[in-house]
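A closer look at the structure
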Amino acid sequence: MFSSRTQGGVVDRSLVRPRVEVNLSTFSYLFSELIQYCQARVSNIGELERRLDIVGFGVGVRLLELLSYRERSSRRDLKLLDALRFVHTTLWRYLFGRPAKDLEQSNNAEDEYMISDVDLFITKYISVPKEMGHLNCAAFVAGIVRGALDGAGFPSRVTAHNVAVPGQSQAKTTLLIKFDALVLQREQRLPSS
Amino acid sequence: METINAEILTLTYGSIVRQLISDYEDVDEVNKQLEKMGYNIGQRLIDEYLARSKTTSCSDFKEVAERIAHVGFRMFLNTSARVAAWAPDGRSCSLILEDNPLTDFVELPEQLRGLSYSNILCGVIRGALEMVNIDAECSFVRDSLRGDDATELRLTFVAAAPEAYPYKDDD
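Residues numbered from 1 in each chain as written. Chains lettered and ligands numbered in written order. Predicted model: local features only at pLDDT ≥ 70, side-chain atom pairs only at ≥ 80, totals over all residues. Heavy atoms only, no water.

Naming follows an unreviewed UniProt entry, where chain B appears as Trafficking protein particle complex subunit of Auxenochlorella protothecoides. Recorded in UniProt under Subunit (unreviewed entry), the annotation for chain B is "Homodimer." (UniProt positions renumbered as here; feature names shortened; annotations may be inferred.)

If you check an unreviewed UniProt entry, chain A appears there as Trafficking protein particle complex subunit from Auxenochlorella protothecoides. As recorded by UniProt, the Sequence similarities (unreviewed entry) comment attached to chain A reads in full: "Belongs to the TRAPP small subunits family. BET3 subfamily." In the Subunit (unreviewed entry) part of its UniProt record, chain A is described as follows: "Part of the multisubunit TRAPP (transport protein particle) complex."

Shown next, in the form of structure tokens:
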């Protein structure tokens, strides 16, 4: 099914190439169409976020592969914290041009972590109508993170939330990452280095 | 102008196409849906094009095609197209894409031969032209994803919609 039909197919091309920039609006138009497309097929906000998450997942799995080869010389992380650091630093820098603002562990659950940031370009031109309250289109980014973690062998549930920051008018986006039980069990078996 | 890494656009577009394929399970429907999405984008994108490019209106269809190929593609995809193969009556031409950022990392499997992967571009052009009163048709004739040696869009002028000003006020 995936055999290359043409000689010199896509896998023969080098992954190291000059970075090409493209107008942010182009992405925003496309993303807006994606949201409208999804919205026409769902009945509530949760489903809409799930659909955005699924599309993001496809991006995340591929980004993991691309970045592991390109920026980490084919190295893949085995430890949970390293995987999170990959998301927080490498993946984030690739997507947003800087590492995420915060990476923290939840106070009440040891399998929950949070990555927070403000001003994600994904949602730059999106204003959420009042009746759709807590919708955060960064669900797409949550999907990307979930895809990257899943591909690395860290299945998890990732959700995007708006969190008000005291003293600031703009809410920050927090991705809540809850790892599967098997990830933590494995983590305990791994020798700590 | 704010920009992002083009690969993010490429991967996002790919993921959307995959989602459409799994939703519709029919290649023709996917092609249609992509065109429709593009059409919606085109209708909005023309505003940004006019505001940013600071061009005056085109005098004929030849100029329209040139502007799409050189200004439009450059502005929104950071690539450019070559205008070629004009019909003798000057009503249709080909836009040949040297480099299509949407198809980076992409290979079509055999069973999706009929998929016009970048069909969204046809919709964008049609939608944008409609907003400046030009009815045009646009479709892919060659696609390097299908093994052709180049990617070629055929752009055909259909009609110029008459401008209907509301003259009532100052008759």
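Still to come is the rest of the account.
As a further point, take the layout of surface pockets. Leftover empty space is mapped by rolling, across the atoms, a probe with the size of a water molecule. Looking at the second largest pocket, its volume works out to about 800 Å³. Lining the second largest pocket are 34 residues, and of these I46, Y49, I68, A128 and L129 of chain B sit closest to its centre. Among the elements of the structure, α1 (24–39) of chain A together with α1 (6–24), α2 (27–53), α3 (61–77) and α4 (120–131) of chain B are those that each provide at least two residues to the lining of the second largest pocket. With eight residues, the top contributor of residues to the lining of the second largest pocket is α3 of chain B. Residues belonging to the lining of the second largest pocket are distributed by class as follows: 26 nonpolar, six polar and two charged. (1 Å grid on protein atoms, 1.4 Å probe; cavity = no way out; pocket = protein on both sides within 12 Å on 5 of 7 lines; lining within 4 Å. Points joined across faces, edges and corners; volume = space filled by probe spheres on them. Helix = DSSP H or I, 4+ residues; strand = E, 2+ residues; numbered from the N terminus. Nonpolar A, V, L, I, M, F, W, Y, C, P; charged D, E, K, R; others polar.)

Attention now moves to the interface of chain A and chain B. When the parts come together, some accessible area is lost, and that loss is often what is quoted as the size of the interface. With 42 residues of chain A at the interface, the matching set in chain B holds 44 residues. Summed over both sides, the interface of chain A with chain B buries roughly 4,000 Å², with 56% coming from carbon and sulfur. Here R17 of chain A makes a salt bridge to D104 of chain B, at a shortest N to O gap of 3.0 Å. If you look at where chain A meets chain B, you find 20 residue pairs in polar contact (both at pLDDT 80 or more). Elements supplying a minimum of two residues to the side of chain A that touches chain B: β1 (21–23), α1, α2 (45–70) and α3 (80–96) of chain A. Looking at the side of chain A that touches chain B element by element, the count peaks at 11 residues for α1 of chain A. As defined by bridge partners, β1 of chain A adjoins strand β1 (residues 3–5) of chain B across three bridges and the pair is classed as antiparallel. Each residue of the ladder has a partner; that of N23 of chain A, found in β1 of chain B, is T3 of chain B. (Contact = heavy atoms within 4.5 Å. Buried area = accessible area lost by both parts, 1.4 Å probe. Salt bridge = Lys/Arg side-chain N within 4 Å of Asp/Glu carboxyl O. Polar contact = N/O pair within 3.5 Å; in protein donor to acceptor, adjacent residues only side chain to side chain. Pairing = 2+ DSSP bridges.)

Let's shift gears to α3 of chain A. Residue and element names in this part refer to chain A. Here α3 is 17 residues long and its end C-alpha atoms lie 22 Å apart, about the 24 Å a rise of 1.5 Å per residue gives. Of all the bends in α3, the largest measures some 30° and sits at F86. For α3, the complete set of buried residues consists of L80, A83, L84, F86, V87, H88, T90, L91, W92, Y94, L95 and F96. Taken from the residues just after α3, G97 is the one with a positive phi, measuring 80°. (Expected span 1.5 Å × (residues − 1). Bend = angle between axes of the 7 residues up to and from the residue. Buried < 20%, exposed > 50% of the residue type's maximum accessible area, 1.4 Å probe, protein only.)

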